[in-house]
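Descriptive structure summary
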Amino acid sequence: MSSENLPQSTEQQLRKPRVAVVFGGRSSEHGISVVTAGAVLNAIDRTKYDVLPIGITTDGRWALTADEPERMAITDRKMPDVAQLAESDEGGVVLSVDPGSREVVYSEPGSVPKALGEVDVVFPVLHGPYGEDGTLQGLLELSGVPYVGAGVLASAVGQDKEYMKRVFTSFGLPVGPYVVVRPREWDQDPQAARKRIVEFAGDHGWPLFVKPARAGSSIGITKVDDLSGLDEAIEEARRHDPKFLVESLLRGREIECGVLEFEDGPRASVPAEIPPVTSHDFYDFEAKYIDAASGVVPAPLTEEQTAEVQRLAVEAFEAASCEGLVRADFFLTEDGGFVINEINTLPGFTPISMYPRMWQESGVDYPQLVDRLIQAALHRPTGLR
């Protein structure tokens, strides 16, 4: 008989739900994940929840970290790191994969493992591969632990820009022109792959954007103005992911919209606009997080345009079978139509990030947003649903 069917002890009935905030990770977005964790830890209501911060180092070790959000900020333009926050250089945290137990155990070499108690819900704030892409979600499903955000399929679709676009196209959502170059194709015949990109540029014009297929926070993206910059852009994209995309420039306004799951289903926030960033070639990682380039909330759109982008954002959420939260990014093109660029199943979640700002303007402040996501996860079953 599994422990989930046993009567709860008085202590279990009285104790507050324990939230494990899992952050860091092996992707190139490690640092911004730590920053996000600091913001989430600051916002969690400690009178309502117990909190267990767990950092994942860049080499994949699960580390017990201090609950010190002030140490998780960007300092002198440098990103924080889990290794700087870990309570031990060797100790590791292990989550049971037995769905009848949600026990977390901490162990160090030569020491007796120490039980840290059960976890009721995981709040993953990992960006990129090995966290946002369905891998962590699969582990949590095996463990029977509820978690904030999208499930395995939606996380994988949301991380892989190729399959994201394929799903959107199949649901009739408007998607811009793109071409995909897979690892085997590039390894076996890079000249043929390059030729295909040049032909794509001939059809759609320069500049192009070269992107890693499975990365976020605008990491590894290069705007290429002509053929001379193509090889360097491909090398940069492949440094983050052996599969990459090439997209045509969509001329228009960049519009974002947040989606949040409520009891009656997903709802869209007021949209935001990302104005041209004069100090950067486009809205890249440094513009977002280092120089804190700011968007306009709410976006200056007509009522009809606002309603349309909100409708498309919710449709994208549903098309990818998302749960919890999504930020949907669009272009409002010169002909007046919206084209969806991508969704992010774990959007930037720092206080300056657009997703929290859009919901703040929509009447849900940052602490309320964090609480709503935790409560939704606590009431959502694991497994097939």
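As shown above, the structure is provided for reference.
Our subject in this report is the structure included herewith. (Residues numbered from 1 in each chain as written. Predicted model: local features only at pLDDT ≥ 70, side-chain atom pairs only at ≥ 80, totals over all residues. Heavy atoms only, no water.)

Looking now at a nonpolar patch on the surface. A contiguous nonpolar surface patch, about 240 Å² in accessible area, is contributed by Val198, Trp206 and Leu227. Topologically, Val198 is positioned in helix H8 (residues 190-204). (Patch = residues over 30% accessible without salt bridge, like charges linked within 9 Å, V, L, I, M, F, W, Y side chains within 5 Å. Areas by Shrake-Rupley, 256 points an atom, 1.4 Å probe, with all protein chains shown as cover. Salt bridge = Lys/Arg side-chain N within 4 Å of Asp/Glu carboxyl O. Helix = DSSP H or I, 4+ residues; strand = E, 2+ residues; numbered from the N terminus.)

Another point: helix H5 (residues 152-159). Helical geometry: 3.6 residues make up each α-helical turn, so side chains three or four residues apart lie on a common side. Those residues of H5 that sit buried are Ala154, Ser155, Val157, Gly158 and Gln159. On its buried face, H5 sits against helix H4 (135-143), helix H6 (161-170) and strand S16 (338-344). (Buried < 20%, exposed > 50% of the residue type's maximum accessible area, 1.4 Å probe, protein only. Contact = heavy atoms within 4.5 Å.)

This next bit is on the packing of helix H2 (residues 30-43) against helix H13 (residues 366-378). Interaxial distance between H2 and H13 falls to 9 Å at its minimum, and their mutual angle equals 90°. By the criterion of interaxial angle, the relationship of H2 to H13 is roughly perpendicular. For the pair H2 and H13, contact is made by Thr36, Ala39, Val40 and Ala43 and by Tyr366, Pro367 and Val370, respectively. Residue classes in the contact of H2 with H13 are distributed as six nonpolar, one polar and no charged. (Axes fitted to C-alpha atoms, helices over the stretch in contact; angles between N-to-C directions. Parallel < 35°, antiparallel > 145°, perpendicular 65-115°, else oblique. Nonpolar A, V, L, I, M, F, W, Y, C, P; charged D, E, K, R; others polar.)

Inspection of the entire model under this criterion finds six aromatic pairs. Arranged with centres 6.2 Å apart and planes meeting at 80°, the rings of Phe330 and Phe338 form a pair that is edge-to-face. Accessibility assignment for this pair places Phe330 and Phe338 in one class, buried. Ring pairing ties together the aromatic residues Phe123, Phe349, Tyr355 and Tyr366, which thus form one cluster. Over the ring of Tyr130 we find Arg26; its NZ or CZ atom is 3.9 Å from the centre of that ring. (Phe/Tyr/Trp six-rings, centres within 6.5 Å; stacked < 30°, edge-to-face > 60°. Lys NZ or Arg CZ within 6 Å of the ring centre and 35° of its normal.)

The next thing to look at is the nonpolar core. In terms of nonpolar packing, the biggest core is built from 34 residues, with Val21, Phe23, Val40, Ile44, Phe123, Phe349 and Val370 touching the most fellow members. Among the elements of the structure, strand S1 (18-24), H2, helix H3 (82-85), strand S7 (121-124), strand S12 (252-262), helix H12 (354-361) and H13 are those that each provide at least two residues to this core. Counting residues in hydrophobic clusters, the runner-up holds 27 residues, among them Val157, Val259, Leu312 and Phe330. (Core = buried A, V, L, I, M, F, W, Y, C linked by side-chain atoms within 4.5 Å.)

Trans is the prevailing form of peptide bonds, just as negative phi is the prevailing case for residues other than glycine. Residue Trp206 is joined to Pro207 through a cis peptide bond whose omega torsion reads 0°. Residue position: Pro207 is located in the loop between H8 and strand S9 (208-212). Val297 connects to Pro298 through a cis peptide bond whose omega is -5°. Summarising the element assignment, Pro298 is placed in the loop between helix H10 (285-290) and helix H11 (303-319). Here Ser321, not a glycine, exhibits a phi torsion of approximately 55°, which is positive. With respect to the helices and strands, Ser321 occurs in the loop between H11 and strand S15 (325-333). For Ser321, a relative accessible area of 45% gives the class partly exposed.

The next subject is the side chain of Glu141. Within the secondary structure, Glu141 sits in helix H4. Of note is the side chain of Glu141, whose polar atom sits 2.7 Å from the side chain of Tyr147. Leaving out residues up to four positions away in the same chain, Glu141 has contacts with Tyr147, Val152, Thr382, Gly383 and Arg385. (Polar contact = N/O pair within 3.5 Å; in protein donor to acceptor, adjacent residues only side chain to side chain.)

Turning our eyes to something else, we now look at the state of the cysteines. In a disulfide, the sulfur atoms of two cysteines are held together by a covalent bond. Following the criterion strictly, the structure yields zero disulfides and no others. A disulfide-free cysteine, Cys257 has its sulfur positioned 13 Å from the sulfur of Cys322, the nearest such atom. Assessed through its relative accessible area of 6%, Cys322 is described here as buried. (Disulfide = S-S within 2.5 Å.)

Across the sheet, three strands lie side by side as S4-S5-S6; this open sheet has antiparallel pairing. Of all strands in the sheet, those bounded by a partner on one side alone are strand S4 (92-95) and strand S6 (114-118). Going across the sheet, the axis of each strand differs from the next one's by a mean of 25°, ignoring polarity. (Pairing = 2+ DSSP bridges.)

So, about the environment of Glu185. Note that Glu185 resides in helix H7 (residues 183-188). A sequence separation of 58 residues divides Glu185 from Lys243, and the C-alpha atoms of the two residues are 9.3 Å apart.

This brings us to the environment of Leu85. Secondary-structure assignment places Leu85 in helix H3. For Leu85 and Ala63, which are 22 residues apart along the polypeptide, the C-alpha to C-alpha distance reads 8.8 Å. Aside from chain neighbours lying at most four places away, what touches Leu85 is Phe23, Val34, Leu64, Thr65, Ala66, Arg71 and Met72.

What follows deals with H6. Along H6, the residues classified as buried are Lys161, Glu162, Met164, Lys165, Val167 and Phe168. Looking at the buried side of H6, the elements it contacts are H5, strand S8 (178-181), S9, strand S11 (244-248), H11 and S16. Its side-chain oxygen 3.0 Å from the backbone nitrogen of Glu162, Asp160 forms the N-cap of H6. Just past H6, the residue Gly172 takes up positive phi, approximately 80°.

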